[in-house]
Amino acid sequence: EYMGGHQVHQLSEEAKADISDEALQAAREMGRQAYLEKLKEIDMSEFDADYYQQLVATVQPQILQLRVILQSQEAVTIDRVWLKRQPQGELDENMLVDSVTGTTSVYKRRGPPKSNSSPSANEQKHPKYPVFVMDISASMYALNHRDGRLDRLVEATVMILEALDGFENKYKCVLLGHSGDGPKHVFIDYNEPAPKSPKDRLKLIQKMVTHTQFCWSGDSTIEATNLAIREAAKITDADDRFVFVVSDANLKRYGIHPQELGKSLVLEPSVNAFAIFIASEFDEGRQLQQNLPAGKAYVCLNTGDLPNTFKQVFMTTMLRSRV
């Protein structure tokens, strides 16, 4: 629970339109100063080990599940060789005599080498890049008391950070945020390591939560999705690229049509992009899912569903890469 006992009021877009530009600017500046002060307070605060361990314990089964899934993922960019003596494929010119005598395995085809012929050929040579674009908008904080959406965001972040621990050579985690204050707030950048200590992980989570309390209302889901996908597509030394856009599905309030998000999710063929809705007020998450490209959106109203969602995503991507 992150409401802190405060009652939160959301203004409609019409009501905000009646506020003068000067008043809006002053309110923004006050909010920005309060936000910066809170960030300083977080950096200087003592580490609450018990609280962080409580967060980990809440999602411990999911952490273990996700670690198994991450460990089992194979390399996508596997070196392919000519496989001889195949029952189908291209006719092997070196087997012409055998074909005349009735031998059927006279074909060759391109494929991954057999594990016993070249063990290193199946090794993942470059890391996979999972880019998490997290919803840290004001509605996450304002509506948490209704459905626990901010709680789920925190649990999901803890699960991701803990599950990826130790897989740094195989996965390079990027953690970004989007809100009414902009489409890109960096928590873990492309060229920096994920926080290793529980203390640093908790600080990261506290800063995400604090942003939801002080940011301006608004939605930048589309801009954040486009930006993350374009940046991920530029990575050259990647075995695979994933963008997971985590949202509370509060798009209709800002006049964002599902087709806009659907177009964004297929922006770059080299990037596997997905939307994960962790809240669904008035069943909006389900409605969005139905109007997005098949297999591109998931509704997870329980943190326990997230590992299976990631498993589905990885399996679908691996199967597509082998076609």
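Above this text sits the structure in question.
The rules we used
- Residues numbered from 1 in each chain as written.
- Predicted model: local features only at pLDDT ≥ 70, side-chain atom pairs only at ≥ 80, totals over all residues.
- Heavy atoms only, no water.
- Helix = DSSP H or I, 4+ residues; strand = E, 2+ residues; numbered from the N terminus.
- Buried < 20%, exposed > 50% of the residue type's maximum accessible area, 1.4 Å probe, protein only.
- Polar contact = N/O pair within 3.5 Å; in protein donor to acceptor, adjacent residues only side chain to side chain.
- Expected span 1.5 Å × (residues − 1).
- Contact = heavy atoms within 4.5 Å.
- Phe/Tyr/Trp six-rings, centres within 6.5 Å; stacked < 30°, edge-to-face > 60°.
- Lys NZ or Arg CZ within 6 Å of the ring centre and 35° of its normal.

Enquirer: Please provide a residue-by-residue account of the side chain of T303, values included.
Expert: Along the polypeptide, T303 turns up in the loop between β9 (297–299) and α13 (306–321). Taking the relative accessible area as the measure of exposure, T303 reaches 6% and is therefore buried. In terms of polar contacts, T303 uses its side chain to reach the side chain of E155, at 2.5 Å.

Enquirer: Tell me about helix α10 (residues 221–233), residues and numbers included.
Expert: Across its 13 residues, α10 extends 18 Å between first and last C-alpha, which sits within 8% of the 18 Å expected from 1.5 Å per residue. Listed as buried for α10 are T221, I222, A224, T225, N226, A228, I229 and A232. Contact partners of the buried residues in α10: β4 (128–135), β5 (174–179), β6 (182–188), β7 (240–247), α11 (258–265) and β8 (272–277).

Enquirer: With reference to specific residues and values, describe the packing of aromatic side chains.
Expert: Counted according to the given criterion, the structure contains seven aromatic pairs. Judged by centre distance (6.0 Å) and plane angle (90°), the rings of F132 and F310 are edge-to-face. Of the two residues, F132 is situated in strand β4 and F310 in helix α13; the sequence distance between them amounts to 178 residues. Each member of the pair F132 and F310 is classed as buried. Taking 6.4 Å as the distance between ring centres and 50° as the angle between the ring planes, the aromatic pair formed by F274 and Y298 counts as tilted. Placement of the pair is F274 in strand β8 and Y298 in strand β9, with a sequence separation of 24 residues. Each member of the pair F274 and Y298 is classed as buried. One aromatic cluster is present, formed by F132, F242, F244, F274, Y298 and F310 through successive ring pairs. Between the NZ or CZ atom of K296 and the centre of the ring of F274, over which it lies, the distance is 4.9 Å.

Enquirer: Can you explain the environment of G295? Please cite residues and give values.
Expert: As for its placement among the helices and strands, G295 is situated in the loop between α12 (284–290) and β9. Here G295 falls in the partly exposed class, since its relative accessible area comes to 44%. Between the C-alpha atoms of G295 and F274, which are 21 residues apart in sequence, the distance is 8.0 Å.

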